[in-house]
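Analysis of the macromolecular model
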Amino acid sequence: MTSLPRRVKSEAKAPTSEADELPSFLNLSSESEEEEEEWEPKSKTAKRPGLPKKNEAKPKKIAAPRSGMAGKKVKKIAVKKEMDISLPIAPAGDNMVQLQKPKEENVGSKLNALKQMPVLPKKPQVSPFQGMNVKSLEGDEKPSTSAPVVENQVKHEKPEEDFAFDEPPLKKMKSATSPEGKPVKSLGCNKVKEEFEMNWDIVQVLSDRTNVEPWVCANLIRLFKEENTIPFIVRYRKELINNLEADALREVQQTLEELRTVAKKTHTMIQKLKKEGKLSGCLFTSLLNCRTLEELDHVTTPYKTGSKGTKAQRAKQLGLEPAALSLLQSPMELNLFSYIRPNIKGLANIQEVEAGVQHILADIFAKDKDTLDFIRRLCQQRYICIQSALAKVSSKNSNEKDIDKFQLYHEFSCNIKNIQHHQILAINRGENLKILTVKVNIPDGVKNEFCWWCVNERWRPKQFLKPELMRILRNSVEDAYKRLIYPLLCREFRSKLTSDAEKESVMMFGRNLRQLLLTSPVRGRTLMGVDPGYKHGCKLAIISPTSQILHTDIVYLHSGQGFREAEKIKRLLLQFSCSTVVIGNGTACRETEAYFADLIMKKYFAPLDVVYCIVSEAGASIYSVSPEASKEMPDLDPNLRSAVSIARRVQDPLAELVKIEPKHIGVGMYQHDVSQTLLKATLDSVVEECVSFVGVDINICSEILLRHIAGLNATRARNIIEWREKNGPFINREQLKEVKGLGPKTFQQCAGFIRFNQDYIKTFCSNKKTQLGSHALFAKARTQLTNEKQGKKKSKPTPSASYLPNPLDQTCIHPESYSIAMRFLSFIGGNTNEIGKSDMQQKVNAVIQKEGLEGTAKRLNTTVHTLQLIIDGLTQPEGFDIRTDFDKPDFKRSIVCFEDLSVGAVLTGKVENATPFGVFVDIGVGKAGLIPVRNITEAKLSKVKKRRSLGLGPGERVEVKVLNVDIPRLRITLDLIRVL
């Protein structure tokens, strides 16, 4: 049986060996003049062939009509691809035995016999298993002690069949319900079977592009394929991802999607070209070598409908390709005069023949992988710079204000290795606005060395070359560099720089958004939100500590009625015992701040000790007219809704900001110049991460907040709210399974991020028990069991158990680890009533000091990461919030004017926005100051920030020193002293 894979592989390699006998330049396809691809060695082409459709060709059809080399390769590759289904699943030797186990129980005793059996009789036995779900085969390999629950859950998780590990049963149990299993790194092959196979290994390419270990990449491909969310992976699968952070996972996920998009489009193009009869063997190989969309577009451009082709293609159509090949292989036998055809354009004279041969040779040189690799290495060793200058026609088409914005780039030059991301984005924007002209400068020394290497080494003829033929060869090399290779290099450099800059901009936006969403909430205060304005007045909204709207009003502070309106404000503050004012930073913010600061300094609001803070109102006006706001506050004027939103942003920033589309919050850089698809996906993922890590109380949270929990969406969140309104509060996490649309996978993803207030649950249960008795309580606590077949339900003890509260539901421990948590409690001599108390902390510390974390994990047969998560869940106090470690708004009682600033003054402020070139800090003068990135060092950052790897972000309080004040331009330069 083991001989079968060897036979199939040998068949698949047959066409490749034929191609290997040809010269390297014959394996190149004719393409457009714009080169952007990096060709792979033929050895890789032979190892990793693939096709877009698994069942396109059958192994029986070995002899096919000679319609083209591509057809033969397609059939061979299809056979090899089918065999790849089984190879990555288990170690060599045992793999075929596992596949046969469903049909033969005594395979182990017949292993030697199977290895010696003929190939052909066994061939029909392979296809049935290849067509079967691999998971069904793996299920029979599981230990007999596996719980039925594991098998049931595995059946629902179909994507697990393609996980590229040597021990699939262990991995399957790991991904379903037993995270305590030990992590499996790379035990041999990290191959992962993809839907569309290419000539490159997706795991290796992903690892190279993201700088993540190959075994981690293989794990992530499997986890993402199983539809696991990033918050779930980061918290509950740490051992499989080497403890990576969410940002790193997002980068891997985005890169993986890019690679899959390339593979999918490549195979779509292969099918199209095959249907049109344009697919040759070398073109097929070139397509499977493409790793980027730019390379794919470059290869396929000459074959698009309506394309007139390249100069080399037109020369080949005239029959000059044999002459070009002969010049390299056997120039002594070449006679160019024999190709002259006076009546044919392009062959009319010797000059046209030489030009055609030159175009073909240039095309061959520009598509040779070794040649392109040499020129790329050469460029890495030389000084390559990008330059920008003011466009000559910019003054006619643009106003002076726009031109002045790009003053720094009117005469700009920088090494491509040292240029900053924000500089690339600025140059690109100026170029798009026709204000700047941009070019990549490659020194002439690169060209000279490249041409010498081509003529004397890489493309040196095998025989003596006549002077006229040597002239053609030199001209071909120069033409290839000037017309094809140099533009290709420029596009590659610009594309790489732009791509990296866009990704960094998006990641910076995500980091800023995370910092803003995790701003520490101000609880237990009655707040007055103020939306400043001139003509239409300042909108007021007073909200309770539970975010209920107590009062709304409009005051006109800047129209000569300030003193009279002060009486109204004082009366409202005293009436509702409100001592905190939240002012939006929009129009008239500075004047409104001065108004309140003056009253506070005069102690006008006594006996109340009133303080105020400034908060960003970005997106508040958009939210106030949204359908969500109309549904939440139907009887409130849209202008007053913005004041409510401003107040709630201080009370619970996360719950309020998730109502606004992330890109409208305004903490990014060049957000309109980057890919909007990438931006939206990243920001939505950051919101999901923040909401999930903070957690929500399912019995009181809003539908908007609930839909951002990992694994949930708008429909599932709405179903949860409807279930809650219909059946009362949830008692425990198990009840989530009764909600429509929440299957095992959804429950697995969201359960660990949903919290239950145990005091509220106990009060609810005790009240129901008093009214209805204990059994009726359980029957009425979730669905309509009192209205449907009560006698049948009473006979089943299992459902009634699910009505009981579970103290572990208030922790971050996942339900799949509850059994381990209970064993750990028994091991330390604790119980669930001590969760979050000091007694629990003391017992945990005593055991860990004695046994050690690793020793305790071994005793419980789990991993260190899982045990640490259980310890955190048991020892964290009730109502623990990760946002308490983050900064709160900066409350003030006085105002500082711009004119009051002096060089050397030390102030405190709050970070507004962070960019790659610096951090903008609000120091209370109406204009944010800039801390240049060179002034931000690790020594000045707190250790907490280093551990979080968040750096400086919106909302953080810092102490700064004024370095420069430019009053005419309203610019302030600051130096960071320390993070408060």
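In this report, the structure presented in the accompanying data block is examined.

Criteria and thresholds
Residues numbered from 1 in each chain as written. Predicted model: local features only at pLDDT ≥ 70, side-chain atom pairs only at ≥ 80, totals over all residues. Heavy atoms only, no water. Buried < 20%, exposed > 50% of the residue type's maximum accessible area, 1.4 Å probe, protein only. Helix = DSSP H or I, 4+ residues; strand = E, 2+ residues; numbered from the N terminus. Pairing = 2+ DSSP bridges. Axes fitted to C-alpha atoms, helices over the stretch in contact; angles between N-to-C directions. Expected span 1.5 Å × (residues − 1). Polar contact = N/O pair within 3.5 Å; in protein donor to acceptor, adjacent residues only side chain to side chain. Core = buried A, V, L, I, M, F, W, Y, C linked by side-chain atoms within 4.5 Å. Contact = heavy atoms within 4.5 Å. Parallel < 35°, antiparallel > 145°, perpendicular 65-115°, else oblique. Left-handed = near helix turned anticlockwise from the far one by under 90°. Nonpolar A, V, L, I, M, F, W, Y, C, P; charged D, E, K, R; others polar. Phe/Tyr/Trp six-rings, centres within 6.5 Å; stacked < 30°, edge-to-face > 60°. Lys NZ or Arg CZ within 6 Å of the ring centre and 35° of its normal. Salt bridge = Lys/Arg side-chain N within 4 Å of Asp/Glu carboxyl O. 1 Å grid on protein atoms, 1.4 Å probe; cavity = no way out; pocket = protein on both sides within 12 Å on 5 of 7 lines; lining within 4 Å. Points joined across faces, edges and corners; volume = space filled by probe spheres on them.

What about the pairing of strand 5 (residues 538-543)?
- With 6 of 6 residues buried, strand 5 lies mostly within the body of the structure.
- The alternating pattern of strand 5 places C538, L540 and I542 and K539, A541 and I543 on opposite faces, both of which are buried.
- Summarising the sheet, strand 4 (residues 527-531) and strand 5 pair through 5 bridges and their orientation is antiparallel. For V530, the partnering residue across the bridge sits in strand 5 and is L540.
- Hairpin connection between strand 5 and strand 6 (residues 549-555): a loop of 5 residues separates the two successive antiparallel strands, and S547 in this loop has a positive phi of roughly 70°.

Observations regarding the sheet that holds strand 5
- Taking strand neighbours across the sheet as the criterion, the 5 strands line up as 6-5-4-7-8 in an open arrangement whose pairing is mixed. Among the strands making up the open sheet, the edge pair consists of strand 6 and strand 8 (611-615). Between one strand and the next, the sheet's axes are offset by a mean angle of 20°, whatever the strand orientation.
- As defined by bridge partners, strand 7 (residues 580-584) adjoins strand 8 across 5 bridges and the pair is classed as parallel.

Digging into helix 34 (residues 714-727)
- With 14 residues, helix 34 extends 20 Å from end C-alpha to end C-alpha; this agrees with the ideal 20 Å at 1.5 Å per step.
- Of the residues flanking the start of helix 34, the one acting as N-cap is N713, its side-chain oxygen 3.3 Å from the backbone nitrogen of T715.
- Among the residues trailing helix 34, G728 stands out with phi positive, at a value near 90°.

Focus: the nonpolar core
- Ranked by internal contacts, the top residues of the largest apolar core, which has 109 residues, are L220, L706 and I720.
- The contact partners of L706, leaving out residues within four places of it in the chain, are V696, C701, L712, A717, I720 and I721.
- Ranked by size, the runner-up nonpolar core spans 65 residues in total, among them F365, F374, C414 and W459.

Focus: the packing of helix 14 (residues 246-276) against helix 15 (residues 281-289)
- In the contact formed by helix 14 and helix 15, the axes pass within 9 Å of each other and the chain directions differ by 165°. Relative to helix 15, helix 14 is oriented roughly antiparallel. The hand of the helix 14/helix 15 crossing is right-handed. Two secondary-structure elements touch here, helix 14 through T266, H267, I270 and L273 and helix 15 through L283, F284, L287 and L288.
- A breakdown of the residues in the contact of helix 14 with helix 15 according to their chemical character gives 6 nonpolar, 2 polar and no charged.

Let's talk about the packing of helix 41 (residues 838-851) against helix 43 (residues 864-875)
- One can describe the packing of helix 41 onto helix 43 by two numbers: an axis separation of 9 Å at closest approach and a directional angle of 155°. In terms of axis orientation, helix 41 runs roughly antiparallel to helix 43. Taken as a pair, helix 41 and helix 43 cross one another with a handedness that is left-handed. Contacts between helix 41 and helix 43 involve M840, Q841, V844 and I848 from the first element and I871, L874 and T875 from the second.

Some words on the packing of aromatic side chains
- Evaluated as defined, the whole model comprises 12 aromatic pairs.
- Both rings, one in F450 and one in Y481, keep their centres 5.8 Å apart while their planes meet at 40°; by these two values the pair is tilted. Of this pair, F450 sits in helix 24 (residues 444-458) while Y481 sits in helix 25 (residues 467-517), and the two are 31 residues apart along the sequence. As far as the burial class goes, F450 and Y481 line up, both buried.
- Overall, Y481 belongs to the buried group, its relative accessible area being 5%.
- Taken together, the aromatic side chains of F232, Y236, F693 and F753 make up a single cluster linked through ring pairs.
- Above the ring of W459, the side-chain terminus of R458 is found at 4.4 Å from the ring centroid.
- Taking NZ or CZ as reference, K737 lies 4.8 Å from the ring centre of F747, over its face.

Here we look at the pattern of salt bridges
- One pass over the full model with this rule turns up 40 salt bridges.
- A salt bridge links R883 to D881; its shortest N-O distance comes to 2.8 Å.
- For D881, a relative accessible area of 10% translates into the label buried.
- Taken together, the shared-partner salt bridges in this structure form one network comprising D247, R250, R514 and E689.

Topic: the sheet that holds strand 3 (residues 436-441)
- A sheet is described by the order of its strands in space; here 3 strands give the open sequence 2-1-3, paired in antiparallel fashion. In this open sheet, the two edge strands, each paired with only one partner strand, are strand 2 (411-415) and strand 3. Adjacent strand axes in the sheet meet at a mean angle of 15° when their direction is disregarded.
- Note that strand 1 (residues 385-390) and strand 3 share 6 bridges and pair antiparallel. Bridge pairing links C385 to N441 in strand 3.
- This element, helix 23 (residues 421-432), spans strand 1, strand 2 and strand 3 of the sheet and lies at about 125° to strand 3.
- Along the sheet, helix 25 contacts strand 1 and strand 3; its crossing angle with strand 3, the most-contacted strand, is approximately 115°.

Considering empty space enclosed by the protein
- Counted according to the given criterion, the structure contains 7 cavities of 30 Å³ or more.
- Here the second largest cavity is characterised by a volume of approximately 70 Å³.
- R235, Y236, H865, T866 and L869 are the residues nearest the centre of the second largest cavity, which is lined by 11 residues in total.
- Looking at the lining of the second largest cavity, the elements with two or more residues in it are helix 13 (230-236) and helix 43.
- Within the lining of the second largest cavity, the residues separate by chemical class into 3 nonpolar, 3 polar and 5 charged.

Observations regarding the environment of K405
- When you line up the elements, K405 lands in helix 22 (residues 400-405).
- Taking relative accessible area as the criterion, K405 reaches 60% and is therefore assigned exposed.
- Along the chain, K405 and G430 lie 25 residues apart, while their C-alpha atoms are 9.1 Å from each other.

Limitation: the analysis is restricted to geometry and does not speak to function.
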